[in-house]
Each structure stands twice: as structure tokens, then as C-alpha cells.
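Structural characterization, general
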Amino acid sequence: MGGRWTRRTVGLSASLCVFTTSAETQVVPNRATSYLHPTEVSDARALWVNPAGLGRYEEASLNLDLTVGDPGASGRLRQLTIGLNSRGLSLGYQRDVFDGGVRGSTYRIGFAAGHERLAVGAAAALYRGGTSSSGWDLGIVYDWTPALTVGGVIENIGQPRVRGSTLRITYVPSATLQLGRQRAALSALGRLTSGGVLGYAFAVRAVVRQRASLPLGLLARLDTDRSLGRAGFAFGFSLGGADVGGLVATTPADLSAVDALSLYGVSTRHFSPSRSRSR
């Protein structure tokens, strides 16, 4: 297992992570970015994906995510995330476990506000554990039509240096199209830096048994490189509505194995009806 988690994976893998042979240069984005798009998330997980999502609804939410690398007999807990959002003010904590006894912590605070169809937000990150650095993300999301949401994020403003790696400013435009009275959605994003395109991601979500006490959600996502060559997949399902639990697995491009498995839970309570935004 250690070899898989310490090799370098360059570009957009399904887990959106960078692993290197030196423990001091390990950098791991939050797991939510491997299965959520900037234009489709509006609960506490938006703090890690697009802070503007925190302002889309008047709500309070809590989330917990546990990620195991190389699940199976040799599997090991690799990331723990907890977070909360209350009316656009959000706090989050990410704990990463690397090989060689290295532990990393990321503390994040964000705030967002929305008006009618537009929401904007910002988040600050503090990196600790073999490093001491900070950076910013800025996000925006706009409901162009009741079915189409567009937006994006500027990540790593300030270009923080984390455990030997400099996180470059990255631009992540995104769009989500709702289909069939919000029973399904198609999402796409791109990741760009000053050096060019890093890659793309495309996802489809669907809800079955929508009127049941435990609605079933399904997810499939493809990450690609800049030439649209396959880089990895994510597959998941969720159960529940206001209180939802889910499981997400990510695989390499050839589907030969499961790189990581995440178990998450989100509890959401709305204070008022949504401001005519698609969800």
C-alpha cells in the first residue's frame, strides 16, 4: 500500500491528489473535490469545493468524511474531514495521514453571501503539520436559468508552499445542467493555471426513489487530462435527504483497482425557502 500512496500522480486523477516519494512534499486536496463540482454543492462541503456555495441557501449543515486508501486488508485511514456551515459562515478541519509518520492539518474558514440568483464567497486555509502557510480561494455561482448554473473558483491565491510543494493559482470554471425536474444533473469543470489547462472532469448525478423516505442518489464522474484522455473515475451512491450518508470510490483510468473509498455524512436544515435556485 505504501508504494501506491507515495508515487507521483500528476494531473487530474480521480482523487485530485499529488503524492511524491518524499513525505515532506505531500499535498492532498480535500476529498470532496474528487466527486463534487463547484456549481452543484451548497452544504458545508462547499467550503472545500467552492465557498460561494455556502451562500446559496439560508441553512445550517454539518459534514463528516472518512477516506481509506487502498481499501481492503492493507487499507489505512488517509483523510478525516469535519465541517459546519451556518448562514454562510463555515469552519472546517482536514487531517491527512501520510507514510513515514507525517501528519498534516488544514484549518479552513469561509464566508459567502447570496442575492437572488447570485452568490459569492471566500475561504482562507491554514496549513500545519511539517509546514506553516496560508492561502485563499474565491468563488462565484450564478443560476443563469432555473436549469443551468454556472460559476467557478480561483484557488490557492497567495500560492502557499505546503510541505515543500508550491500550490499554484488555479482557475476552475464549472457548469451544472439540471434535467427531468432536478432528478438528474450533468456537470463539467476545467482546471487551468497560467501554464495552460491541467484537465477536465464530467459527472452525472441521478436521484431514484425521490419520494421515498430514503431517496437514493447515484454518481458517476470521469476525470481527464488536458487532451481528454482518461485519468480516473469516481462512482458513488447516497441515501437520505436532509440527513444523507454516502459512499464514493475512486479508481485509476483502467478501472483496475479502487484507489480510495470515502464514507461521508451530511446533515442540513434550511431556515427559509430557497431563493429560486436549482439544487
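This is a predicted model, so every value here is computed, not measured.

A separate point is the overall build of the chain. Across its full length, the chain carries two helices and 16 strands. Relative to its 279 residues, the chain shows a buried fraction of 48%. The contacts in the chain between residues at least 6 apart in sequence include a share of 45% that link residues at least 24 apart. Accessible surface, the chain: about 12500 Å² in total, of which carbon and sulfur atoms supply 62%.

Right, let's talk about the confidence of the model for the chain for a bit. The predicted model of the chain has a mean per-residue pLDDT of 88, with 88% of residues at 70 or higher. In the model, residues 1-25 has pLDDT below 50 throughout and makes 73 contacts with residues more than four positions away in sequence or in other chains. Between residues 274-279, whose pLDDT stays under 50, and residues either more than four places distant or in other chains, the model counts 31 contacts.

Let us now look at the pattern of salt bridges. As enumerated under the stated definition, the model contains 10 salt bridges in all. With a shortest N-O distance of 3.0 Å, arginine 78 and aspartate 99 are connected by a salt bridge. With a gap of 21 residues between them, arginine 78 in strand β2 (residues 76-86) and aspartate 99 in the loop between β3 (89-97) and β4 (103-115) connect regions that are remote in the sequence. Accessibility assignment for this pair places arginine 78 and aspartate 99 in one class, buried. Here glutamate 155 and arginine 191 are joined by a salt bridge, their closest N and O atoms 2.8 Å apart. Pair noted here: glutamate 155 is in strand β7 (residues 148-157) and arginine 191 is in strand β11 (residues 184-193), with a separation of 36 residues, a long-range link. It is possible to trace a salt-bridge network through shared partners that takes in Arg76, Arg78 and Asp99.

The next thing to look at is the packing of aromatic side chains. Within this structure, the stated rule accounts for three aromatic pairs. Their ring planes at 20° and their centres at 5.4 Å tell us that tyrosine 35 and tyrosine 264 sit as a pair that is stacked. Residue tyrosine 35 is found in the loop between α1 (2-6) and α2 (46-49), and its partner tyrosine 264 is found in strand β16 (residues 260-270); the two are separated by 229 residues along the sequence. Relative accessible area serves as the criterion here: at 10%, tyrosine 264 is assigned to the buried category. Aromatic side chains tyrosine 93 and tyrosine 107 sit 5.2 Å apart centroid to centroid with 45° between the ring planes, which places their arrangement in the tilted category.

Moving on, we come to the side chain of threonine 170. By secondary structure assignment, the location of threonine 170 is in strand β10 (residues 170-179). A relative accessible area of 4% means that threonine 170 is categorised as buried. At 3.0 Å, the side chain of threonine 170 and the backbone oxygen of arginine 168 are in polar contact.

With that settled, the discussion passes to unusual backbone geometry. Its identity as a non-glycine residue notwithstanding, arginine 87 has a phi of 55°, on the positive side. By secondary structure assignment, the location of arginine 87 is in the loop between β2 and β3. A positive phi angle is found at glutamine 159, which is not glycine, with a value near 45°. For glutamine 159, the position within the fold is in the loop between β7 and β8 (161-162). Since its relative accessible area comes to 40%, glutamine 159 is described here as partly exposed.

For the rest of this paragraph, the subject is the pairing of β7. Within a regular beta strand, the side chains point alternately toward one face of the sheet and then the other, so they alternate between its two faces. Inspection of the sheet shows strand β6 (residues 132-143) paired to β7 by seven bridges, in the antiparallel sense. Each residue of the ladder has a partner; that of valine 141, found in β7, is glycine 151. Where β6 folds back on β7, the antiparallel hairpin that results is connected by four residues. Pairing of β7 with β10, which is carried by eight bridges, proceeds in the antiparallel orientation. Bridged to valine 150 within β10 is alanine 175.

So, on to the environment of serine 34. Here serine 34 shows up in the loop between α1 and α2. A sequence separation of 214 residues divides serine 34 from valine 248, and the C-alpha atoms of the two residues are 9.1 Å apart. Of note is the side chain of serine 34, whose polar atom sits 2.7 Å from the backbone oxygen of arginine 31.

Ranked by internal contacts, the top residues of the largest apolar core, which has 18 residues, are Tyr35 and Leu36. Elements with a contribution of two residues or more to this core: α2, β15 (243-252) and β16. Setting aside anything within four residues of it in sequence, one finds tyrosine 35 in contact with Glu40, Arg45, Asp65, Arg205, Leu219, Arg221, Val248 and Tyr264.

Thresholds applied
Residues numbered from 1 in each chain as written. Predicted model: local features only at pLDDT ≥ 70, side-chain atom pairs only at ≥ 80, totals over all residues. Heavy atoms only, no water. Helix = DSSP H or I, 4+ residues; strand = E, 2+ residues; numbered from the N terminus. Buried < 20%, exposed > 50% of the residue type's maximum accessible area, 1.4 Å probe, protein only. Contact = heavy atoms within 4.5 Å. Areas by Shrake-Rupley, 256 points an atom, 1.4 Å probe, with all protein chains shown as cover. pLDDT = per-residue confidence, 0-100. Salt bridge = Lys/Arg side-chain N within 4 Å of Asp/Glu carboxyl O. Phe/Tyr/Trp six-rings, centres within 6.5 Å; stacked < 30°, edge-to-face > 60°. Polar contact = N/O pair within 3.5 Å; in protein donor to acceptor, adjacent residues only side chain to side chain. Pairing = 2+ DSSP bridges. Core = buried A, V, L, I, M, F, W, Y, C linked by side-chain atoms within 4.5 Å.

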